[in-house]
Each structure stands twice: as C-alpha cells, then as structure tokens.
Amino acid sequence: MWAFIKKEFLHIFRDPRTMVILFGLPLAQVLLFGFAITNDINNAHIAILDHSKDVVTREITRKLLSSHYFLLNRYLKSDADIKPAFRKGEVKEVLVFERDFARKLQKEGVAKVQILLDATEPNTANILDAYTRGIINTYVLQRMKQSAAIPISIGVQNKMLYNPQLKSVYMFVPGVITVLLMLVSAMMTSISITREKELGTMEALLASPVKPGHIIIGKVVPYVVLSFINLISILLLSVFVFGMPIQGSIGLLLAESLLFLTMALALGILISTVSKTQQQAMLLSMFALMLPTILLSGFIFPVENMPVVLQYLSDIMPSRWFIIILKNIMLKGVGITYFWKETLIIFSMALLFIGLSIKKFSVRLEE
Amino acid sequence: MSQRETIIEVKDLVKKFGSFTANDRLTFDVYRGEIFGFLGANGAGKTTAMKILSGLSRPTSGKVMVAGIDVSHHPEKVKRKIGYMSQFFSLYNDMTVKENFRFYGGIYGLSAKKIRERTQFYLDKLDMKSYENMLLKNIPLGWKQKLAFSLANIHNPDIIFLDEPTGGVDPITRRQFWELIYEAADQGTTVFVTTHYMDEAEYCERVSIMSEGQIKALGKPKALKEQFGAATMNDVFLKIARNVE
Amino acid sequence: MSVNIHIEHLVKKFQDVEALKDISFDVEKGSLFGIIGPDGAGKTTLFRILTSLILADEGKVMVDGIDVVKDYKKLRQIIGYMPGRFSLYMDLTVEENLNFYARIFHTSLSENYDLIKDIYEQIEPFKNRRAGDLSGGMKQKLALSCALIHKPKLLVLDEPTTGVDAVSRKEFWELLKKMQQRGITILVSTPYMDEAALCDRVSLMQTGNLLSVNTPQQIVNNFLGNLLAVKTNNMYTLLSDLERFDGADRVYRFGESIHLVSQRPIDEVKQSLRDFLSIKAYQKIEIENKQPVIEDCFLALMEKTGTL
C-alpha cells in the first residue's frame, strides 16, 4: 500500500499542472474572494445637490464623506445635472437636500433629503442606500439628544452579531474552504483514477493480486494530506490577511473538515467508477459538484431566497451543511451540540458514498 | 528511365532539439508519381522529418522544397498541396461518412459541388454507397482506413503522406489498401509512406532506411537487397539497424 | 504434456456485436502459443476474460487448474499480464516503475533479478529516465520486465510488438524464447503474420472465430493447392490481369511479387501462365514455385470461411 501512496505523490509532484491546481488555485481563490469579489463598499462616487447649503447639510455631507464609504465626485448645480451625472456613470448616488433644510428641521421637525441611486447594480444600490440612511439617522439622533427634544420618530437600532462590520470575507471563507476541499478531493481523485484507466495501467493493476481497497486507499491518502495542507494554508491566510476570527475550537474544525473530506473523496471515487476518461471525470465533477456547491449551498445566494424546488435540491448538497458547520465554529464559536444534526447528515452521506463506491469499484474492468 | 520531375527535394536537412540531433543532414529527392517508402526504427527520426516535410515543424537548417514550395518560408502553402493520413486517422467518429467528406472538403476550400462530386466518386469506388449516412464509429476499421485515405486525397494533392497507415488490419484489407495507393500513384499522386511491415517496403518503388537521424540506405528494394546481400527487405532493415546498436 | 490453459465454448457479446463466437482451445504447459489476427478479431477480449478482467457470457476458462471466474484471486497471483497499451507510468522512471510493480506483488527487484536479468540489462543504462522518454522498443522491454517481476507461471502478452520496429520486434521474440526456456507458459497475440512462425502453436483468429489451431508447420502443410510467385516488368497492371487468368483461385500481392494459388497441376499452370502473360506483352516474366507462409494460409482461411 505504501508503494501506492508513494507513487501517487510522485505523480502529483511531477505534474506542474496538478501542482498548480492543488496549491496555486486555492490561494488564488481565497485572495480573489477576499479582495476583489466583495460586497463591501469602499469609496463609492457620489454627487451632492445642495439647495440649502446651511450648517446642517454641510455637517451631514461631512459625516458621509468621512465614513470612507463615499467619495465626493462633485457638487451639482441644478436638478438638470442629475441625469447626465448618472448617465455618464460618474456617480452611483446623488444626494439632494431641499431648500431651507436646517430651518425646516428646526421649525417643523421635518426636512427632506432625496437619495437617488444607480440601480443597475441592485446590490450595490441597496447597500449604499442603507449606509446613507444609517449615517443620516445617526446624525439626526445625535442632534436630537443635544437639543434634548423628545424624538418623535422611532429609531431602529440594529446590531450586527458575529460579523459586526458585515465583512463579506467572513461569509466567503467558509464557502471557499468548502469549494476547495470538494474540488481537490473529489475532482483530483476521480481524475487520477480515470487517468489510470485511460493509460491502461488500471488493467495491469486489476490483473495483479492487489486488493481494490488498496488501490483506493493509495489514491485517497495523498489527497487527504494535500487537502489538509490546503485547508491550513487557507485558514492561515484568512486569519492573518483578512483578520478572520476562529472563535471555536480548531480541533473541532479540523475534525469536521476531515469528515467532509472523507465524504468528498468517496464521491470522487464514485465519479471515477462511472467515468471512462479523465475528461468525463472532470466535467462530471465540475457540473455535479462544483457548480451546485457554489450556487446552491448558500455560499453566494442565501438558501432562504431560492425557489422551493432549489431549496430541496440544496438540502442534498453536502456542502450546504458543511458551510453551516464552518460558520458556527469560526464565527459563533459554538460547540458540536449546536450542529450535531448537520454533522450527522454529512456523516450519513459519507457512509452512503463509501458504500456505493466500494460496491461499484469493481475487481474487473467495466465494459 | 527518363529524367523524372522532382516533387520533394531535401538537401542537408538538420533538425535539432536542444543538443539532440533528430535529423542529421538528410538529403534525398522524391519523384512525381512515385511510391516512396520511408523506413526506420522507432526513434530514428522519421516522424520528425515527416513533420518538417508537411509544414508542421521548421527545420533547424537545410533546404526542403515540397511541390516547388520552400517549406521553411511558406509552410501554409505547402499544406494545400499535400494530404496527410496518420496512424490514428483524423476522422470524426461522431459524424457520418458524408459529413466527414463535407468537413474535409470544406477545410481545403472545395466548392459544395466539388465536394459532392468527390464524395460520390469515392463512395462508388470504395463500394460504400450504403454506408454514407452511417456514423463513423459504427464502421469497421478496414473501411475507416480506406475512408481516411480518400479524405486525405479529397483535394487532389500533389503528395500524400501516410504515417503507418496499415497498422493492425487484416492481410486482405491491407492489400486492398495498397491497391488504393497504387491507383493514386498511377494517376500521378506522389505517395510518401512509413510502415513497420517490411513486406510493404517491397511494394514501394524506392525506399530509404533511417537510423540515428541519418539515411543509411536509399534505393529500389531490389537494389538494396543486392547491396546488402539480403533475401528480403526485412533482412536489409535488420542489417542496417543492428549495426548501430 | 499437461494442459496449462483450457478454454471451452467461450462466447462474449458486447451489445449486438459478438466479440467471441464459441471459442475452444488448449495451451500446453511451457509452450509459446500465438494468437494471430487483425484488430477487432477478438484477441483482447479473449485475453481479458483469461486474465479475469471481464466475464464471459458463456463458456469456461481454466488456467493451471484454476477457474478464472471463481478463483480470480488465485489466478492473479500466477499470471503476468502485459495489456495492449504499455501499462507503464510515463511520469515515473524505469526504476520507479519496476519497484512499484514489485511492491504490489509483494516482491522486490533483487528477489527475482535472475529472471529478468537479460531484459533488465538492456534497459538498465536508462534506469533514471522517465518511461515516457524511452523509445518504443525500450518501453516494451520495460513493460515486459514489469509483467515478469513476480515470476508468473503464465505470461499473457496482448500485442506486445504492435507499432514497434522490426529490430526491436526481433529482439523481443528472442527474449520471449528465453522466458519460455525458464518454464513460463506464454500466450501472445500479434497482428504480424511473420511472427507466427516463432510460436510452438498458433491460432488464427478473425472476427471472433478461430480459423485454425495448429503448429505453424502443420498450418503450412495444410495449405491446399500450388503457390506461385509471379514477377514481370509491370507489377501494377499484373494483378488485374492475373485475376482474369483461368487457373487462378486467388491472386494477391506479396512483397515484391504477386502470389497465385491454383489447384491445377503445377507444371501445367506454369506453362499456361507464361503463355497468358506473353500474349499480354509482359516482359521479364519470372514464375517460381513458392512454399506458403502463414500469411498465405491466413488469406486462404479467411477466404474459405468468408469472414471478412
């Protein structure tokens, strides 16, 4: 068996492409998700049309701009300037303060400010809207406190738990870990087994007294080791580059990952038993594993917002449950009592896939 | 024999990969309408030379003229003048016989009418009319081979390169295939062929035998047998290739 | 002599295609048995059933008294199998390949060095080279070493010489002969007819049928009719003209000449053939009696059974 493992490592280390997929890709993905693909807003360009130009509007403007979410593109002179500004794509948001803003606020307790948003990117528009409102509300509240007037409006106060800054990297890291464990384990094992089929070496192995179990273990062990190295490097990267916390037990995190890994490897072997060529194995892994993992697991799109049919589909995605577990451990810092159900689901899936792949991994050539 | 037109002219062809010399000063001519056997042991440099002649690879130095075109300078022009059939016949298994013809005709820029004509011509000749709408993967190996040859010929090339065309087929099909080769040669197409079957070397008008990147022998099979005092081409081949080991 | 392989009424279908049509034969212990036939004859299917890699639909195969279906585990201990595509890891070196195969058979290179010494000595200078960088002949020798490393009783080689040049082929057969002398039973398939003569017994195979199982000598002796080799100044038109010659059963190209098979008395045929060709204005007419070789017999058998 050791001979198998050694051979497998030699294959991996001698193929630059495999090495890139194994190590380059995971790191690139984390960095990509962490830096580029992010929902966080920084320095969104805005324009301000201030009909009032008094103390209050200036104060609000100053607060907005000092938040580093917004960057003043320019002041507009009239309503006619608004459309062109959006059309040119120079600004994402235009803020319009009505005439006599401070005076109205003082006397009538009500002053109007209009927020105009470029909704071609709905997510960004929503977030900008929320930020702007938040900043303005905070300002109004502060002012009221100062003037000791009883607030007429009810201030909604939200507190973001576990991810107070709403950093999307916290959301992505568990997802990326899941995708990568899935990719490396399932895809690489299925490819490395089908490669032997294609080359004809599988024929020689099967005709020898080697037990199929040994072939499988020989294939699996190297990828478990490499996936673990990957996992650890992703975690290190998340903690030290993105400041992601790991609230819960690292031991538990690794144990759960090992379980998930086992499941993914079994799935990889299962895929290899039904594909004849490396290409088939790769496509199958991509479409059957990667895409659902990314799209249906709640990694990017919240499961609750999906149509019912897709929600059911998402229930059978092992990655969905793993992401929940990861978030629980990393962000909430809770123990196994809070996610034993998810763990059990993955465990049963692992058993199912191992059972199936042992049954399907034949002692003979498939025809 | 009268002076024949030279269709391939190779002079001092050298091809190096790093420090390894795959082709070492090859010099030979091939005449129009000739069946030229290009023999050699595995790794002797045959495939490298063949790639250069068909414009797929550039020589390190030396002069290579194919159908009057300098291969080093105009590899694309050469490709229009030649047909190429590899041992793995580049046919599309998921297309029908007819579709393969249409595709290859299209590649060489034949008109739709011309393609139809040529397709009919070959289907009649190979007696494969009833197969025309069959997917290629359902057709026996021997037929595929003949089809591959016809497809390599579809644009009436001056020269057709055959790289181990008859590997693995039965002796009858192998002979039928050679009849196709003879016929093409008789109509003026030059045939440049490699093979591991030494009896097929006898079918060639002239053969060259390569070893270690060099041409060690060149001539008519009969002359070579006399020169090396051997009864068959197999013995000639063994004598040449053995010497270098 | 005792039987090493016993094959009885073997049938195998792939969907509609009958790959093996009721095949029976025996291979004697310690013999070199050749299966000669083109691609698609069913050689690989037969070998895969024999090595327990696939299951037959009907029939029975016993190797050294072992049922290949029931006792496949035992069988796999005693056979060395070299599949049609060289079963080598191209990204591993020669030595790593050998060590790997030794390990999976729970043996080592040094333990059975004696057996593969002759072969290994030829590839040893390249032992640190990757298998993918070897020439065809060298790959084939390495694959043979890998199949031999556990001292098998039966060696099964699926087209080991396909695509390999004539020199390497000759060397390879010399190696096989040596292995046979060490008591290993060898079953080998090949599309090259000339290799049949090197076997103790051969079976000619075509589209799932065995055309004949015999010693090469007997197969040649069983050839019916007289064989003539004809040469003239114009070989191209000669074939089609000879096909119209009255006494010809079969006419086909064979190397530098054209072979003509006739059932009529030899001298009579020769004379009328000479006349026939002279009328057609051929020159340099050479007509020779020829001993048939395996390829002549194969062509005759193919024609007889109409299995084309």
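Residues numbered from 1 in each chain as written. Chains lettered and ligands numbered in written order. Predicted model: local features only at pLDDT ≥ 70, side-chain atom pairs only at ≥ 80, totals over all residues.

K.L.:
So, the overall build of chain A: which residues are in play, and what are the values?
P.N.:
When helices and strands are counted, chain A shows 14 helices and four strands. Taking 2.2 N^0.38 as the reference for a compact globule, 367 residues should give roughly 21 Å; the C-alpha atoms of chain A span a radius of gyration of 27 Å, well beyond that estimate. Considering only C-alpha atoms, chain A reaches an extent of 95 × 45 × 40 Å along its principal axes. Counting across all 367 residues of chain A, residues that qualify as buried make up 34%. (Helix = DSSP H or I, 4+ residues; strand = E, 2+ residues; numbered from the N terminus. Rg over C-alpha atoms; globule rule 2.2 N^0.38 Å. Buried ≥ 20, exposed ≤ 12 C-beta atoms within 10 Å, placed from the backbone.)

K.L.:
Help me get a handle on the sheet that holds strand β3 (residues 32-36) of chain C, residues and values and all.
P.N.:
Residue and element names in this part refer to chain C. If you trace the six strands from one edge of the open sheet to the other, you get β6-β7-β8-β3-β9-β10, paired in mixed fashion. One side of each edge strand has no neighbouring strand; the edge strands of this open sheet are β6 (79-82) and β10 (209-214). On average, adjacent strands in this sheet sit at an angle of 15° to one another, irrespective of strand direction. In the sheet, strand β7 (residues 154-157) pairs with strand β8 (residues 185-190) via four bridges, with the strands oriented parallel. (Pairing = 2+ DSSP bridges. Axes fitted to C-alpha atoms, helices over the stretch in contact; angles between N-to-C directions.)

K.L.:
Describe the environment of A:Leu253, naming the residues involved and giving the relevant values.
P.N.:
Residues and elements named next belong to chain A. In this fold, Leu253 is placed in helix α10 (residues 250-274). For Leu253, a count of 19 C-beta atoms within 10 Å gives the class partly exposed. Taking the C-alpha atoms as reference points, Leu253 and Arg58, 195 residues apart in sequence, are found 50 Å from one another.

K.L.:
Requested: an account of the interface of chain C and chain A, with residues and values cited.
P.N.:
Contacts between the two partners involve 24 residues from chain C, matched on the other side by 20 residues from chain A. Listed by contribution, the elements that provide at least two residues to the side of chain C that touches chain A are α2 (72-78), β6 and α3 (94-104) of chain C. Among the residues making up the side of chain C that touches chain A, the classes are represented as 13 nonpolar, four polar and seven charged. (Contact = placed C-beta atoms within 7 Å. Nonpolar A, V, L, I, M, F, W, Y, C, P; charged D, E, K, R; others polar.)

K.L.:
Explain the interface of chain B and chain C to me, using residue names and the numbers behind them.
P.N.:
On the side of chain C, 28 residues touch chain B, which itself brings 26 residues to the contact. When contributions to the side of chain B that touches chain C are tallied by element, the ones reaching two or more residues are α6 (171-186), α7 (198-203) and α9 (233-244) of chain B. Looking at the side of chain B that touches chain C, the element that brings in the most residues is α6(B), giving six residues. A breakdown of the residues in the side of chain B that touches chain C according to their chemical character gives 14 nonpolar, six polar and six charged.

K.L.:
Any chance you could break down the packing of α3(C) against helix α5 (residues 136-148) of chain C for me, citing the residues and the numbers?
P.N.:
Residues and elements named next belong to chain C. Between α3 and α5, the least distance of the axes is 8 Å, while the angle of their chain directions is 20°. Considering the angle they form, α3 stands roughly parallel to α5. Remark: the crossing between α3 and α5 carries right-handed chirality. Along its contact with α3, which presents Val94, Asn97, Leu98 and Tyr101, the element α5 presents Leu142, Ser145 and Cys146. Classifying every residue of the contact of α3 with α5 gives five nonpolar, two polar and no charged. (Parallel < 35°, antiparallel > 145°, perpendicular 65-115°, else oblique. Left-handed = near helix turned anticlockwise from the far one by under 90°.)

K.L.:
An account of the packing of helix α9 (residues 212-242) of chain A against α10(A) is requested, with residue identities and associated values reported.
P.N.:
Residue and element names in this part refer to chain A. As a packed pair, α9 and α10 sit with axes 10 Å apart at the nearest point and diverge in direction by 135°. Taken as axis vectors, α9 and α10 run oblique relative to one another. Two packed elements cross with a definite hand, and for α9 against α10 that hand is right-handed. Between α9 and α10, the residues in contact are Ile216, Val220, Tyr223, Val224, Ser227 and Leu231 and Ser257, Leu261, Leu265 and Ile269, respectively. Per-class residue counts for the contact of α9 with α10 are eight nonpolar, two polar and no charged.

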